[in-house]
Structures are given as structure tokens and as C-alpha cells.
Amino acid sequence: MAVKLKLSKKQQQLINKKFSKDGKIECRICGKKWGSSSGLDYHYIAPPLALASDGLDNIAVVCKSHKKDLKNLSILEYEGWKKMEEFFSTNKPRKLDDVLQQKIGKDTGLAVKVNINDSQEMLELDLDDCKYQIPVSVCPSTGYRYFYAVLPARYLHNDIELQPRPLEMKRLWELYQHLLVHSQLTPSVCRLKKNRILLFDGQHKTAAQIWAGRTDIECKVYLDPEVRVLKETNLIAHDRLRQMPFFSSVLINKWADLFTEEWHQYLGTSGEKSEAGFVSFLVQRGKKKPEATNMIASNIYDSILEDEQNRFTPYISDYGQPDQGVVSLGQLKQNLFKKFIARPPLKMDIEDSDELRELERENMVKLLNLIQEATIGQDQDKTSHIYSQGPMRAWSTLVRDTIAQLLGLYDQVERKTLLLRDISPEDWDIIEEKINRLFGHRVWSEENERGIASFSSSKEDEVIDYLRTRGLSVRWILSDTGTRVNINNFVD
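Residues numbered from 1 in each chain as written. Predicted model: local features only at pLDDT ≥ 70, side-chain atom pairs only at ≥ 80, totals over all residues. Heavy atoms only, no water.

Thoughts on the overall build of the protein
When you go through the protein residue by residue, the secondary structure sums to 21 helices and 14 strands. A burial count over the protein gives 47% of its 492 residues as buried. Restricting the contact set of the protein to residue pairs at least 6 apart, pairs at least 24 apart contribute 68%. Here the protein has roughly 25500 Å² of accessible surface; of this, 48% comes from carbon and sulfur atoms. (Helix = DSSP H or I, 4+ residues; strand = E, 2+ residues; numbered from the N terminus. Buried < 20%, exposed > 50% of the residue type's maximum accessible area, 1.4 Å probe, protein only. Contact = heavy atoms within 4.5 Å. Areas by Shrake-Rupley, 256 points an atom, 1.4 Å probe, with all protein chains shown as cover.)

A look at the pattern of salt bridges
Under the counting rule described, the total for this entry stands at 22 salt bridges. Where Lys-170 meets Glu-174, a salt bridge forms, and the shortest distance between an N and an O atom there is 3.0 Å. On the criterion of helical spacing, the pair formed by Lys-170 and Glu-174 is a turn pair, its members being four residues apart in helix 5 (residues 169-181). For Lys-170, a relative accessible area of 53% gives the class exposed. Take Glu-174: its relative accessible area is 38%, and that puts it in the partly exposed class. Its salt-bridge partner being Glu-433, residue Lys-434 comes within 3.7 Å of it at the nearest N-O pair. Assessed through its relative accessible area of 1%, Lys-434 is described here as buried. (Salt bridge = Lys/Arg side-chain N within 4 Å of Asp/Glu carboxyl O.)

What to know about the packing of aromatic side chains
Scanning the entire structure with this criterion turns up 14 aromatic pairs. Between Tyr-144 and Tyr-222, the aromatic rings sit 6.4 Å apart at their centres with planes inclined by 90°, giving edge-to-face as the arrangement. Placement of the pair is Tyr-144 in the loop between strand 9 (137-138) and strand 10 (145-152) and Tyr-222 in strand 14 (residues 216-222), with a sequence separation of 78 residues. This pair shows no difference in class: Tyr-144 is buried, exactly as Tyr-222 is. Through pairs of rings, three or more aromatic residues link up here, namely Phe-312, Tyr-387, Trp-395, Phe-439 and Trp-444. Across from the ring centre of Phe-87, 4.3 Å away, lies the NZ or CZ of Arg-94, which sits over that ring. (Phe/Tyr/Trp six-rings, centres within 6.5 Å; stacked < 30°, edge-to-face > 60°. Lys NZ or Arg CZ within 6 Å of the ring centre and 35° of its normal.)

Brief notes about the nonpolar core
Membership of the largest hydrophobic core comes to 64 residues, with the highest contact counts inside it found for Met-364, Leu-367 and Trp-395. Residue contacts for Met-364: discarding those within four places in its chain leaves Ile-304, Leu-336, Phe-337, Phe-340, Ile-341 and Leu-419. With 53 residues, the next largest nonpolar core counts Ile-45, Leu-123, Tyr-176 and Ile-197 among its residues. (Core = buried A, V, L, I, M, F, W, Y, C linked by side-chain atoms within 4.5 Å.)

Some thoughts on the side chain of Gln-203
Summarising the element assignment, Gln-203 is placed in helix 6 (residues 203-211). In this structure the side chain of Gln-203 is engaged in a polar contact, spanning 3.1 Å, whose partner is the backbone oxygen of Arg-165. Ignoring any residue separated from it by four or fewer positions in sequence, one finds Gln-203 in contact with Lys-95, Leu-96, Asn-158, Gln-163, Arg-165, Pro-166 and Leu-167. (Polar contact = N/O pair within 3.5 Å; in protein donor to acceptor, adjacent residues only side chain to side chain.)

Section: the pairing of strand 14
Counting buried positions along strand 14 yields five of seven residues, so the element is predominantly enclosed. Strand direction decides the pairing type here: strand 10 and strand 14, joined by seven bridges, are antiparallel. The residue of strand 14 that forms the bridge with Val-150 is Glu-218. (Pairing = 2+ DSSP bridges.)

Some points on the sheet that holds strand 13 (residues 196-201)
Read from one edge of the open sheet, six strands run 9-10-14-12-13-11, paired in mixed fashion. The sheet is open, and its two borders are formed by strand 9 and strand 11 (156-158), each paired with just one other strand. With four bridges joining them, strand 12 (residues 188-193) and strand 14 adopt parallel strand pairing. If you follow Arg-191 over to strand 14, its bridge partner there is Tyr-222.

A few points about the packing of helix 5 against helix 6
In contact at an axis separation of 8 Å, helix 5 and helix 6 are set at 55° when each is read in the N-to-C sense. By the criterion of interaxial angle, the relationship of helix 5 to helix 6 is oblique. The element helix 5 and its partner helix 6 pack so that their crossing is right-handed. The residues of helix 6 that touch helix 5, namely those facing Arg-171, Leu-172, Leu-175, Tyr-176 and Leu-179, are His-204, Lys-205, Ala-207, Ala-208, Gln-209 and Trp-211. For the contact of helix 5 with helix 6, the residue count by class is seven nonpolar, two polar and two charged. (Axes fitted to C-alpha atoms, helices over the stretch in contact; angles between N-to-C directions. Parallel < 35°, antiparallel > 145°, perpendicular 65-115°, else oblique. Left-handed = near helix turned anticlockwise from the far one by under 90°. Nonpolar A, V, L, I, M, F, W, Y, C, P; charged D, E, K, R; others polar.)

Observations concerning helix 4 (residues 96-103)
All of the buried residues in helix 4 are Leu-96, Asp-98, Val-99 and Leu-100. Close packing links the buried residues of helix 4 with helix 3 (75-87), strand 11, strand 13 and helix 6. Just downstream of helix 4 lies Gly-105, where phi reads positive at about 120°.

Some remarks on the sheet that holds strand 8 (residues 130-135)
Across the sheet, three strands lie side by side as 6-7-8; this open sheet has antiparallel pairing. At either end of the open sheet lies a strand with only one pairing partner, and these are strand 6 (113-116) and strand 8. Sheet twist, expressed as the mean angle between neighbouring strand axes with direction ignored, is 20°.

Written out as C-alpha cells, the structure reads:
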């Protein structure tokens, strides 16, 4: 879904003037010249969350073709993605040194001059003919000496001995996007060997910072460590221990509370961790697979229902006041959760799934709030119609298919992970508009014999057929505003 900018005529004229040359307006991406603005559009240059990205200075002219390609990416992100695709198009494994040469040039991996005083409490670092006095710290566990410094990226070199793994494009891209608008919280870890700074931990985040245009990198540099010990430390940190401080989602915390012993024992096993791996671990401990899967699904549902931002929960008869409830928990699970929540277990690495599950939880809460606002109000008869068993099965499918269409998810595999993604505020505005259109249809307030009979049915297909005869379908929901979706890709 492309970003839509609301600009006044005067603002458009100012931007057009900025991107004009010889009386013609140029597309910021391809440079194609236009005699008028009729074939042009406007888009963010940097992500709108970036520090200095407010105002017209962060908006450029683009041709309609590139506006469509940009979707939710800023121009910088779009150009970064295209260059990254080209960078990884070779069969040769890519490493930090390749990123350094790509972004900085061949003059990388430079030597440094380091002199330590007699007390070994201070060192002198010679960079670019400038000398810096830096304090030396000592690790209380190993006795290794190290220092912290912000180093020019051209002095860094990939530590092939301790970091032999190549870069992964997906991980590099995600970190690149993150670092365009966020700070890097922890330094990269290096060691000094023969006047070379060798980076062995933080290859992806360092490469992402360089790709995002940063020329200086925060580093922790060991002076004379034992390579074997560092290698062992690095392996453990990226296997057994990496999960412990990383997990932040409500879901993972609930798992830890529910399974306690099993969860910590699972984290202590070797290899990558995943939801699927945890289910297999529980099965080995005597649980049946459906039982283990359902327990994890229940935790996902509970994390949504217990969210303080969820305004739908009070209207669930099992949760709120009995006289206030409009739907049972069972109805909610069958008609909404099972249609919108990706069924566990996910097979991806749990670090990735943890982030996605958190996005999914937040998205589901937003969706429930929108549905609550559109359906529960003064008209009790209308609310009663909407939350009857058959109609709820029907409209939950309409909502799911409408959102899938808006997000450009056209096959069943993609739709099974509908909310397992970052959905932009602009897309949420459109989703809200479509939900209001769906529940604003007159069919929910009609009183006729066929309608009453259809709404009394528990069969989803019968209700959907009736709604279609009354003009309510996904095609109708999407057809009111010229939203940029291809309604021909969807079959009602």
C-alpha cells in the first residue's frame, strides 16, 4: 500500500520548484523529466520517523510508476533495498569486508598504531595522524584488557577466524531499516591483532550501520585475548544464552510462567530455538502434540485478551459483566482468533517469531478495538444481529479477506499469517474506514423474513450468500474510495 501524502497546492508548487530543472520537473528516483505535475506524485525521502525528516524538505517528486513501487518504503529505503539486492545477487558469500569496500572503497582495513603505558591503564591510539588517549579496562573474569572507542569504519576488518559466517540479506535489511531511525545500543566487539582491528561480534549490525551511511562505529576492542576462549564465548552467546535477554514479548513471558522448568531446559539445549522446536521438546517430555500446540495458542489468545489497551474484552461474557457481554469467548476464538492468528507452532527462529508475535498481538488488539467501536453501541438489535453465530462467522471472513486484499496478500499461505507483520498507520486508517463501511451497511438493521432466517442460521455460507444478495461483499467494501487494490484478484 503506497503512502498517501496530503499536500496543499502551494506545498506541491514549492516541492515541484525544488525538483525542477530547465523548466521541467524531475522524478527523484529515475530522473525522468515532466512538463507538468499530472504524471507525478510525492513521497518521503527519509523515513518519516527519522530525526531530521519533518517538513517539506523530506518530500520529493516521484513519477507514478515509482510511487507504486515504493509502497511503504521511503525513497532512501527503496534505493537501499535495490542496491542490497544487487549486492547479494552474486553467488559469492558476502561479509563485512565486502560491505566496507562497497560503501567506503578499497581503502579499508587500515592499520592502527597502539601504545600502552607502563601501568597498562591507558593507551595511545593513532588514527589519521591524530593521537587519542583512551583508558584501558580489565575483565574481572578473564583478566583480558580492552578499551572502548568510536572508530572510523575504514579501520575495521572482518575477523575470519572468529566470524566465518557470511551476511544474511534479510537480517541485514531489517537492521538497516531499524538503524535509519534508531540508535545502535551496544558496541560491536573486536580484537587487536598485528595493528589490525578485527571485528568478530556484531557483523550484521556494523554492516547495517555502514549501509545506512554511518562512517564511525562504536567498538569494544580486546587487546591480547586468548582466541580459543573468545571463540567459545562467542559460540555460547549465539546459542544457549542469546535467547535469555532477547525475549520481550508478553507471549514469551507467559510461556516462561506456564512451562517454567520445561522452558528453561529447552533454552539450555543446543541449536536454534523455535516454537516448533519447543512443541517437539514438550512432546518428548510426555505431552501430546495437539495439547502442546493448543496450550501455546491459548497463551497467544490470553496475551491479547489481557492487554490493557484491549477495549473489546469487557464485552466478552466470560470476561466482563454478564449483562454487558455480546459474545462468548468460544465465539471469539472460533471466528476471530482462528482466522487472524497464525496457528502455532511457527518454524522460524524464535528471535524472529518473538518480534512477529508481538506485532501480531498488537495488531489483533487494534482490530478488536475497531470492531468494538463499529458494532457495539446504542442499537442493541443491530448488535444482536451482528453477533449471532452465523453472521459472526460471515463478517469475520469478510473482514479477514478485506484486510488481506488491502495488504496485497492474495494466496492462502500469506493469509494464514495476516497480522504477523508490521502494518503502517496509513494502512490502519484504511482498514478502519473499511470496517466502518462493512458494519454501516443497512443489512444489519433490516427486518425481513429472509434476513431473520439467514441471521438465525449457523452456516457461514448461507449468511454470506444472503449478504451478497443485499450488496454486501468484499468487492463492495473495497469499491467506495479508489483504494489502491486490485479487486479483480479476489473472488467473492
